[in-house]
Structure formats: structure tokens, C-alpha cells
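# Structural overview for review
So you can see what is in the structure, the chains are spelled out below.
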Amino acid sequence: MQLFRISISVIVIACFCAEALHAQKRRKNKKGEEEEITQTLELPKDPPNAVVADPQRLVFLTAPMSSKGLLSQQVRDGAKALRSLARGGQIVKIRGFVAGTGDLRRLAAVVSEYFTDSRQPIPAVSAIQVGALPQEGAQVWMEAIAVDKKAVNPNGLAFLSGQAVSGKEPVQRVMPLITESAGRLQTALKGINVPPDQMLRVTCFTSALGDYAEIRSHLAQQFPKATTTVVQLLRGLSNGLVECEGMARLVSAPSKPLDLVNPAGLQASANYSLVALVNAPKVVITGTQLAFNSSDADIRLAFDRLGKSVEEAGGSLKNTVMTGYYPLTQSTMDKIRQVRFEFLDKGKPPASTMLLFEGLPSMDASFGVEVIALP
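Being a predicted model, the structure only gives us computed values, none of them experimental. (Residues numbered from 1 in each chain as written. Predicted model: local features only at pLDDT ≥ 70, side-chain atom pairs only at ≥ 80, totals over all residues. Heavy atoms only, no water.)

### A look at the overall build of the protein chain
To be explicit about the condition: By definition, any uninterrupted DSSP run of H or I lasting at least four residues is a helix, any uninterrupted run of E lasting at least two residues is a strand, and each is numbered from the N terminus. Residue exposure (1.4 Å probe, protein chains only): buried if accessible area is under 20% of the type maximum, exposed if over 50%, otherwise partly exposed. Two residues form a contact once any of their heavy atoms are found within 4.5 Å. The method behind every accessible area is Shrake-Rupley, applied with a 1.4 Å probe, and residues are considered shielded solely by the protein chains displayed.
A count of helical and extended segments in the protein chain gives seven helices and 18 strands. With 375 residues in all, the protein chain has 51% of them scored as buried. Taking as baseline every contact in the protein chain between residues at least 6 positions apart, the subset at least 24 positions apart corresponds to 83%. Carbon together with sulfur atoms contributes 52% to the accessible area of the protein chain, which is approximately 18,000 Å² in total.

Written out as C-alpha cells, the structure reads:
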């Protein structure tokens, strides 16, 4: 009987404590009625505008495409795959090419959520809408730059400008143009005494993907150790177009932290360098800075904001290694060409890729720009 009374007392006390705890979670509204206090979840942070990394430790990764689920799930699966490929190294940059009608803003949001949940630093992010991807049902294809645990590029890196080739071939077959663009990358590598098996990444932008299997096979033969990405720029491009860019491991160190060269056998330009050789203690890698609207002032404002992000990370636009431009119209592209050297060093033009793309994460955006720069 005594044991029974003790048990009843314990139950009463437990109930009282539970009710007291529940009461602490209540509050009164303006009418004096009690209401539950809902828990507020902390929103994930935005990806950083720029990150700093050691170029001797950079590795370049490409996640496998997936047709499973909608855009958010595919981004999450891609981020998970990239983390696995990084083998414990920190991912510092993700560039995602999105096809279809998915909201491009989801890419940065899901990447931020995933890395926050994984208790990992959030990488810089670029999201670009393209015309198509080479796998049916795939809505995103993600590339990444990660920092390895050891120096894998002891002599530094080479950043190769996109090699543009155009023609009038049937829109579904661009293999002849791929062959020529990849051949120019081979010529650039030869000019800096780097063998093809030291190419680490090749990204090709094309007008069509009808012969993707052949393209993939050719790139694998030409650059056997490189990760490759091939996307269709626009949905309605009628003329044949291919532009392939690359990143390679140097076999001998350049004489200075940044050496901009134009190898023999390729057409040089006063507005960009064909190859940028980098052997510096650190580089600054940015996400995409958008320009909203397309007046000259809007273009300058985007460059100004980009410059501030680079400076806050310890870099300078005057020491830019490579630029990636994502304009949506030809008139915007022309304005970029007119304005960019107000912020970049025309005496040291960086490597560059600039093509028209399908879209960006804002309806008001006219172009996006990202850079890799030195202090």
C-alpha cells in the first residue's frame, strides 16, 4: 500500500512538471487568450561572395547527373556526391548549370542548407541557366573546386580561356567543332609544355548535344584525367557553336605568381590572355556577381560590387587570373567589353570565357560575372 501511494505521488509530480513546462511555452495574445509559442528555425546563411584557397591544393570535381526528383533533390544529391568525391577536402566553389523551368535561386539555397546541415563551410556558388543538359530528366549539372589535404599542384595551375569555334553544321551535330576547340586547348597546353594528361577540367559550351556520346568519348581520349562537363548554351541557337575552357596542372613552376601568356599557334587578343599561369600562395575565388538591368551604370555597379568582394577576401581585380561572364543579350556583352577594363588591368588581361546564356537567378539580371584573382 505504501509503495502504491509513492507511485501515485511520483505520477502526480511528473504530470505537474509537464504541465508547468507546457505552460512556459504558452503566452497570451491581445485578447488574453493563450496560444502556443512556435519554434523559429534559423535560416541558412547565404553563400559567401568570395573564398580564399591555396592553388597548390585545388582539385576539380564534377558530380554525376541525376534524373531523380525535382531540382532541389538533384542539387542536394549533387552536393552529396561532390562531398564524397572531395574525400574530406573542403569544397570552396560550386558552379551549377540548370536546365528546365526550376527556380535557379534554389541552387544556392539548397547548397547552403546542405553544407550547414553537414557542419561544413558553405562554398561560393554560381547558378547559370542553360538550354539543355545531355541526360533526359536531369535539371542540374554541378562542378566544384575543392581543397585537397595535400599539395597536388606543387608547380601551380594553368587556366585556359575558352576556345570558340563556330560553323554552319547541322544543329544536332557539333562534333567537328568540338574536335577543333579541343585541339586548340591541346595547342595551348603544348605551348606551355604541359602534357594533355595534366588537364584537370574541361568544360564545353555547345549549340547542341545530339552527338554527346561521341563528344564525351573524344574529350576522354584527348584529356584522359580531366573531369568534363558539356552543356547546351541556348535552346534556340541555330548556328553551330562550341567553346571549351580548361584548367591544368603545371609541370614546372612559372617565374612569377601570375604569368599571362599567348602560346604560338593560337590567335591572340588584346582583350584577354589565352592562358594564365598561377603559382601563388593563395587565390580568391568568387561566386557570381549579378548586374541588374543593363545600363552602363548597372554594368559598372556590378563590377564595383565584385571588386569589393574580392578586396574583402584579400584580392584585387587588377590581378585577375580568369573571368567568366554570363550575359543574356548581345548588347549587354558589348557593354561588358566597353566597361571591364575600367576595373581590370588592360595591361594584364586575364584568361576569359564569355558567351550568351539562357538565364540567371534573377528576372532583372542582365549578366553575371565571376573571377579568380590574386592579392
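### A closer look at the packing of aromatic side chains
Just so we agree on the cut-off: Working definition: a ring pair exists when centres of Phe, Tyr or Trp rings (six-membered ring for Trp) sit within 6.5 Å. Plane angles under 30 degrees give stacked, over 60 give edge-to-face, the rest tilted.
Tallying each qualifying case throughout the model produces seven aromatic pairs. Both rings, one in phenylalanine 97 and one in phenylalanine 205, keep their centres 5.8 Å apart while their planes meet at 75°; by these two values the pair is edge-to-face. Linking phenylalanine 97 in strand β5 (residues 90–98) with phenylalanine 205 in strand β9 (residues 199–206), this pair joins segments that are 108 residues apart in sequence. Take phenylalanine 97: its relative accessible area is 0%, and that puts it in the buried class.

### Focus: the state of the cysteines
To be explicit about the condition: We call a pair of cysteine sulfur atoms a disulfide when they lie within 2.5 Å.
Scanning the model with the defined rule gives one disulfide in all. The partner cysteine of cysteine 204 in its disulfide is cysteine 244, sulfur to sulfur 2.1 Å. In this structure, the disulfide formed by cysteine 204 and cysteine 244 twists by about 110° around the S-S bond and is classed as right-handed. Within this pair, whereas cysteine 204 is found in strand β9, its partner cysteine 244 is found in strand β11 (residues 240–249), the two being separated by 40 residues in sequence. Overall, cysteine 204 belongs to the buried group, its relative accessible area being 0%.

### A word on the packing of helix α6 (residues 296–312) against helix α7 (residues 330–339)
Definition in use: For helices, the axis comes from a line fit to the C-alpha atoms of the stretch in contact; other axes are also lines fit to C-alpha atoms, and the angle between any two N-to-C directions lies between 0 and 180 degrees. Each angle receives one of four descriptions, namely roughly parallel if under 35 degrees, roughly antiparallel if over 145, roughly perpendicular if within 65 to 115, and oblique otherwise. Left-handed describes a crossing whose near helix is turned anticlockwise from the far helix by less than a right angle; the clockwise case is right-handed. Basically, the charged four are Asp, Glu, Lys and Arg, the nonpolar ten are Ala, Val, Leu, Ile, Met, Phe, Trp, Tyr, Cys and Pro, and anything else, Gly included, counts as polar.
Following both chains from N to C, one finds α6 and α7 inclined at 60°, their axes separated by 10 Å at the closest point. In this view, α6 runs oblique relative to α7, as classed from their interaxial angle. The interaxial crossing formed by α6 with α7 has right-handed handedness. Residues Asp296, Ile299, Arg300 and Phe303 of α6 lie in contact with α7, whose contacting residues are Thr332, Lys335, Ile336 and Val339. Partitioning the contact of α6 with α7 into residue classes produces four nonpolar, one polar and three charged.

### Side note on the packing of helix α4 (residues 175–191) against helix α5 (residues 212–222)
Orientation of α4 relative to α5, taken along the N-to-C sense of each, is 20°, at an axis distance of 10 Å. When the interaxial angle is binned, α4 and α5 end up roughly parallel. In the packing of α4 onto α5, the handedness of the crossing is right-handed. Of the residues in α5, those touching α4 at Met175, Ile178, Thr179, Ala182 and Gln186 are Glu214, Ile215, His218, Leu219 and Gln222.

### Let's talk about the pattern of salt bridges
Keep this limit in mind: Should a side-chain nitrogen of Lys or Arg be within 4 Å of a carboxyl oxygen of Asp or Glu, the pair is scored as a salt bridge.
All chains considered together, the criterion is met by 15 salt bridges. Between arginine 201 and glutamate 143 there is a salt bridge whose closest N-O contact spans 3.6 Å. With arginine 201 in strand β9 and glutamate 143 in strand β7 (residues 140–147), this pair connects stretches of sequence that are 58 residues apart. Of the two residues examined, arginine 201 and glutamate 143, each falls in the buried class. Glutamate 214 serves as the salt-bridge partner of arginine 173, at 3.2 Å between the closest nitrogen and oxygen.

### Points about the environment of glycine 315
Tracing the chain through its elements places glycine 315 in the loop between α6 and β16 (320–327). Exposure remark for glycine 315: the relative accessible area of 9% places this residue in the buried category. Between the C-alpha atom of glycine 315 and that of alanine 373, which follows or precedes it by 58 residues, the distance is 6.1 Å.

### Points about the side chain of asparagine 319
Threshold: N or O atoms within 3.5 Å of each other form a polar contact, as long as, within protein, one can give a hydrogen and the other can take it, and as long as residues adjacent in sequence are counted only when both atoms are side-chain atoms.
As for its placement among the helices and strands, asparagine 319 is situated in the loop between α6 and β16. In this structure the side chain of asparagine 319 is engaged in a polar contact, spanning 2.5 Å, whose partner is the backbone oxygen of proline 375.

### Structural notes on the layout of surface pockets
Formally: Only protein atoms enter the 1 Å grid used here. Points where a 1.4 Å probe fits but cannot escape make up a cavity, open sets with protein on both sides within 12 Å along at least five of seven lines make up a pocket, and a residue lines them when an atom lies within 4 Å of a point. Grid points are joined across faces, edges and corners, and a volume is the space filled by probe spheres set on the points.
Approximately 650 Å³ is the volume found for the largest pocket. Looking at the largest pocket, it is lined by 25 residues, and the ones nearest its centre are Asp46, Pro47, Ala108, Val125 and Thr288. In terms of residue count, the dominant contributor to the lining of the largest pocket is helix α3 (residues 105–117) (five residues). In this model, the second largest pocket occupies a volume close to 550 Å³. Taken together, 28 residues make up the lining of the second largest pocket; nearest its centre are Ala164, Glu243, Arg337, Met354 and Leu355. Of all the secondary-structure elements, those providing two or more residues to the lining of the second largest pocket are β8 (157–167), β11, α7 and β17 (351–354). For the lining of the second largest pocket, the leading source of residues is β8, giving four residues. The residue inventory of the lining of the second largest pocket, partitioned by class, reads twelve nonpolar, twelve polar and four charged.

### Overview of empty space enclosed by the protein
Inspection of the entire model under this criterion finds one cavity of 30 Å³ or more. By volume, the largest cavity is sized at about 250 Å³. Around the largest cavity sit 22 residues that line it, and Lys93, Arg95, Met247, Glu370 and Ile372 are the ones nearest its centre. At the level of secondary structure, the elements contributing two or more residues to the lining of the largest cavity comprise β5, β7, β9, β11, β14 (283–286), β16 and β18 (365–373).

### What to know about the sheet that holds strand β4 (residues 58–62)
Applicable threshold: Two strands qualify as a pair provided that DSSP identifies no fewer than 2 bridges between them.
Taking strand neighbours across the sheet as the criterion, the four strands line up as β4-β7-β5-β6 in an open arrangement whose pairing is mixed. The sheet is open, and its two edges are formed by β4 and β6 (124–129), each paired on a single side. Strand-to-strand twist of the sheet, defined as the mean angle between neighbouring strand axes without regard to direction, takes the value 15°.

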